[in-house]
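# Examination of the molecular architecture
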Amino acid sequence: MVGGGGGPGLADFQPGDPRLGRGDRSSKILGPLRAEGGRGVLVATASTFIVIGLIVFAVLHSAHWLEFKQAFFNAKVLGDSFPDILRAFRRNIVYFLIAEPVILVLALLLAVMRSLPGPVFFPLRVIATIYVDMFRGIPTILVIYLLGFGVPALQIPGLPTSAIPWALLGLVLSYSAYVAEVYRAGIESVHPSQAAAARSLGLGRWQTLRFVIVPQAVRRVVPPLLNDFIALQKDTALIAVVSGVAPEAFLESQIYQAATFNFTPVLGAAICFLVITLPLTRFTDWLVGRQRKKRQSGAAL
Amino acid sequence: MNQAIQVEGLHKRFGSLEVLRGLDLSVDDHEVICMIGASGSGKSTLLRCLNLVEPIDSGSIVIHGREITAPGVEVNAIRRQIGIVFQSFNLFPHMTVRRNITLAPTRVLKTTRGQADEEARQLLDRFGLLDKADEYPDRLSGGQQQRVAIMRALAMQPDIMLLDEVTSALDPELVAEVLDVIRELATGGMTMLIATHEMGFARDIASRVCFLDQGVILEQGPPEQIFTDPKEERTKQFLQRIIAAGRM
């Protein structure tokens, strides 16, 4: 997902948004089946086999299937390249593990800065707003390219001269802007009466944010935050544009692809990402479904 | 008797809507004032102004001889002395009942956690909710939640309690348990300002009833007089509508 396009905007995550309900997908698919009983399951199974069978048949008998198979699903090329790609993929994981905690903290800071009330904090609000607007508006790959190639070229003493730390910083800067908006949506979704109750007890603005507003906000935005985790895990591949001597999975697969004139290694890299992102996606959906159920039962009380 | 609250010429407007139009009110220590009047007459706004939840436009509010509407007053210090309970409870849903009660004492008064817990235990015991101490608010009935909200305000040991239609959001069968708590507070000598639609309760508990109309106190007096022999035409009309609605 080039350019962090997967990063969610504010509008995407108003709690109570019906789209958050996507999480219940599995039960939405299976729910009607259960209701229809054994016959429904039978029909579903049969029609699934027929549809998939038709697709497979169409693909296998298409004019260029063999060339296609050769270029993208070459078992020998995959076998030769996959161990190295997998090794390189460890870098993606490390990048993710370094970037994510920094993003979570920086973004929360930005969101709180934007939420501070009162004229005294006007400059902080402006700074945070400009930051978020800027980095949401620039493609992530551009930020990574600029920092990863640009800053080491300056040869400033005391600063890292390798591209990777700077590329990581680019990823962090860009994602913090998105995640800050997720947090902010959470903060704004906490009803003003909560702040009024806290202030009426004598808690200050800062105490109200810290003990009453932010804890509730963070709980509400866990699912969208997980979505951003997934996007970030994928976007570690963007570091490929500057990673040179320390290739991550995507660049490693490109190296093999260039050597073999075959695209199967890139598919291998894709598999690496899927192994991580698929379970995370399922988990996020499950969590969203659970939260929605909780909310509904809470409303019924 | 000492004067607890002195309000003079209080004005408050929301945009073009003038809610309070030069309201005057004087409350002595240990008085229980019930404020009645139609929706929009300014009852809630007055309470919110007294707690400085709403900034006022003009006029003055003096609490225990100190003008709290003067510039440069430490707002949080004022709020500590005045407890307010809202119609919609507004408990903190992510905290247990106990933590709801102890949050402000530990963070504002800097009471130790142990002592705050002990004080919370006493409050919960006194109002019969000790077994709910470790529950979260969404596990409680509306009446229980509102009682916790009252305890949460009491934990700050206020001199004055403001109650803003605290039973209006409750199912009828849950109203009594909340009113009992308020009754106990009145017996204990708490100075209270109560905005309410429970006329029977007002008649029962109030040392004085104030009828608010169009942003001022149109008529006030002992409950027997207001409810049986109102002087103002608008007070009569209001009480007749209440009787017609079967609320008295």
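Up top is the structure these notes are about.
Remember, predicted model here, so these are calculated numbers, not experimental data. (Residues numbered from 1 in each chain as written. Chains lettered and ligands numbered in written order. Predicted model: local features only at pLDDT ≥ 70, side-chain atom pairs only at ≥ 80, totals over all residues. Heavy atoms only, no water.)

All names here are of chain A. Where helix H9 (residues 205-220) meets helix H10 (residues 222-235), the axes come as close as 5 Å, and the angle between the chain directions of the two elements is 60°. Looking at the two axes, H9 sits oblique to H10. Where H9 abuts H10, its residues Val218, Arg219 and Arg220 lie against Val222, Pro223 and Pro224. In terms of residue class, the contact of H9 with H10 is built from 4 nonpolar, no polar and 2 charged. (Axes fitted to C-alpha atoms, helices over the stretch in contact; angles between N-to-C directions. Helix = DSSP H or I, 4+ residues; strand = E, 2+ residues; numbered from the N terminus. Parallel < 35°, antiparallel > 145°, perpendicular 65-115°, else oblique. Contact = heavy atoms within 4.5 Å. Nonpolar A, V, L, I, M, F, W, Y, C, P; charged D, E, K, R; others polar.)

It is worth spelling out the nonpolar core at this point. Counting residues in hydrophobic clusters, the biggest one holds 92 residues, and the most contacted among them are Ile239 of chain A together with Ile5, Leu23, Leu25, Met35, Leu50 and Leu193 of chain B. Considering each element in turn, this core owes the most residues, 15 residues, to helix H7 (residues 163-189) of chain A. Discounting residues that sit within four places of it in the chain, Met35 of chain B has contacts with Lys43, Leu46, Leu47, Leu193, Ile194, Ala195, Thr196, Cys210 and Leu212 of chain B. (Core = buried A, V, L, I, M, F, W, Y, C linked by side-chain atoms within 4.5 Å. Buried < 20%, exposed > 50% of the residue type's maximum accessible area, 1.4 Å probe, protein only.)

Residue and element names in this part refer to chain B. The strand order across the open sheet built from 6 strands is E6-E7-E8-E3-E9-E10, with neighbouring strands paired in mixed fashion. Each edge of the open sheet carries a strand with a single partner, namely strand E6 (82-85) and strand E10 (216-221). For this sheet, the mean inter-axis angle between neighbouring strands, taken without regard to orientation, is 20°. Strand direction decides the pairing type here: strand E3 (residues 32-36) and strand E8 (residues 191-195), joined by 4 bridges, are parallel. Residue pairing in the sheet places Cys34 in a bridge with Ile194 of E8. In this fold helix H5 (residues 142-154) packs onto E6 and strand E7 (160-164), with an angle of close to 165° to the strand it touches most, E6. Against the sheet, helix H6 (residues 172-187) makes contact with E3, E7 and E8, and its axis sits at roughly 150° relative to E8, the strand it touches most. (Pairing = 2+ DSSP bridges.)

Let's shift gears to the packing of aromatic side chains. Residues and elements named next belong to chain A. If you walk through the whole model with that rule in mind, you get 12 aromatic pairs over all chains. Ring plane angle 55° and centroid distance 6.2 Å describe the contact between Phe68 and Phe73, whose orientation is recorded as tilted. Under the relative-accessibility criterion, Phe68 is labelled partly exposed at 42%. Taking relative accessible area as the criterion, Phe73 reaches 41% and is therefore assigned partly exposed. An aromatic cluster is present here, built from Trp65, Phe68, Phe72, Phe73 and Phe263 joined pairwise through their rings. (Phe/Tyr/Trp six-rings, centres within 6.5 Å; stacked < 30°, edge-to-face > 60°.)

Attention now moves to the pattern of salt bridges. Overall, the coordinates contain 20 salt bridges over all chains when judged by the stated rule. Of the charged contacts, one joins Asp84 of chain A and Arg87 of chain A as a salt bridge, the two residues approaching to 2.7 Å between their closest N and O atoms. With Asp84 of chain A and Arg87 of chain A both in helix H4 (residues 75-115) and 3 residues apart, this pair spans about one turn of that helix. Relative accessible area serves as the criterion here: at 46%, Arg87 of chain A is assigned to the partly exposed category. Here Arg208 of chain B makes a salt bridge to Glu31 of chain B, at a shortest N to O gap of 2.8 Å. Residue Arg208 of chain B is found in strand E9 (residues 208-213), and its partner Glu31 of chain B is found in the loop between strand E2 (17-28) and E3; the two are separated by 177 residues along the sequence. Grouping residues by exposure puts Arg208 of chain B and Glu31 of chain B together as buried. Ionic contacts of the salt-bridge type, sharing partners, join the residues Arg114, Arg136, Glu181, Arg184 and Glu188 of chain A into one network. (Salt bridge = Lys/Arg side-chain N within 4 Å of Asp/Glu carboxyl O.)

The subject of this paragraph is the pairing of E8 of chain B. All names here are of chain B. Of all 5 residues in E8, 5 are buried, a share of seventy percent or more. The alternating pattern of E8 places Thr191, Leu193 and Ala195 and Met192 and Ile194 on opposite faces, both of which are buried. In this structure, E7 lies alongside E8, joined through 5 bridges in parallel fashion. Counterpart to Met161 in the pairing with E8 is Met192. In this view, the connection linking E7 to its parallel neighbour E8 by way of H6 has right-handed handedness. (Right-handed = clockwise from strand over helix to strand, strands pointing away.)

Moving on to the sheet that holds strand E5 (residues 66-67) of chain B. All names here are of chain B. Across the sheet, 4 strands lie side by side as E2-E1-E4-E5; this open sheet has antiparallel pairing. Strands with a single pairing partner mark the edges of an open sheet, and in this sheet they are E2 and E5. In this sheet, E2 lies alongside strand E1 (residues 3-14) in antiparallel orientation, the contact comprising 9 bridges. The residue bridging Arg13 from the neighbouring strand is Glu18, located in E2. Against the sheet, helix H1 (residues 43-50) touches E1, E2 and strand E4 (58-63), its axis set at about 115° to E1.

We now examine the environment of Pro265 of chain A. Residues and elements named next belong to chain A. Position of Pro265 relative to the elements: it lies in helix H12 (residues 264-300). Sequence separation between Pro265 and Asp235 is 30 residues, and the spatial gap between their C-alpha atoms is 18 Å. Sequence-distant contacts of Pro265, defined by excluding residues within four places in its chain, comprise Val77, Ser81, Ile85, Ser253, Tyr256, Gln257 and Thr260.

Before going further, it helps to examine the interface of chain A and chain B. Taken together, the contact between chain A and chain B spans 18 residues of the former and 22 residues of the latter. Counting each side, the surface lost to burial between chain A and chain B is near 1,700 Å², with a carbon and sulfur contribution of 62%. The tally of links between chain A and chain B comes to 4 residue pairs in polar contact (both at pLDDT 80 or more). Looking at the side of chain A that touches chain B, the elements that each hand over two or more residues are helix H8 (192-200) and H9 of chain A. Considering each element in turn, the side of chain A that touches chain B owes the most residues, 7 residues, to H8 of chain A. Among the residues forming the side of chain A that touches chain B, the class breakdown is 9 nonpolar, 7 polar and 2 charged. (Buried area = accessible area lost by both parts, 1.4 Å probe. Polar contact = N/O pair within 3.5 Å; in protein donor to acceptor, adjacent residues only side chain to side chain.)

All names here are of chain A. The N-to-C vectors of H8 and H9 enclose an angle of 140°; their axes lie 10 Å apart at closest approach. By the criterion of interaxial angle, the relationship of H8 to H9 is oblique. Handedness of the crossing formed by H8 with H9: right-handed. On the side of H8, the interface is formed by Gln194, Ala195, Ala198 and Arg199, while H9 contributes Arg205, Thr208, Val212, Ile213 and Gln216. Split into classes, the residues belonging to the contact of H8 with H9 amount to 4 nonpolar, 3 polar and 2 charged. (Left-handed = near helix turned anticlockwise from the far one by under 90°.)

With that out of the way, let us pick up the environment of Val148 of chain B. Along the chain, Val148 of chain B turns up in helix H5. When neighbours within four sequence positions are excluded, Val148 of chain B is seen to be in contact with Leu91, Val97, Ile101, Leu129 and Leu140 of chain B.

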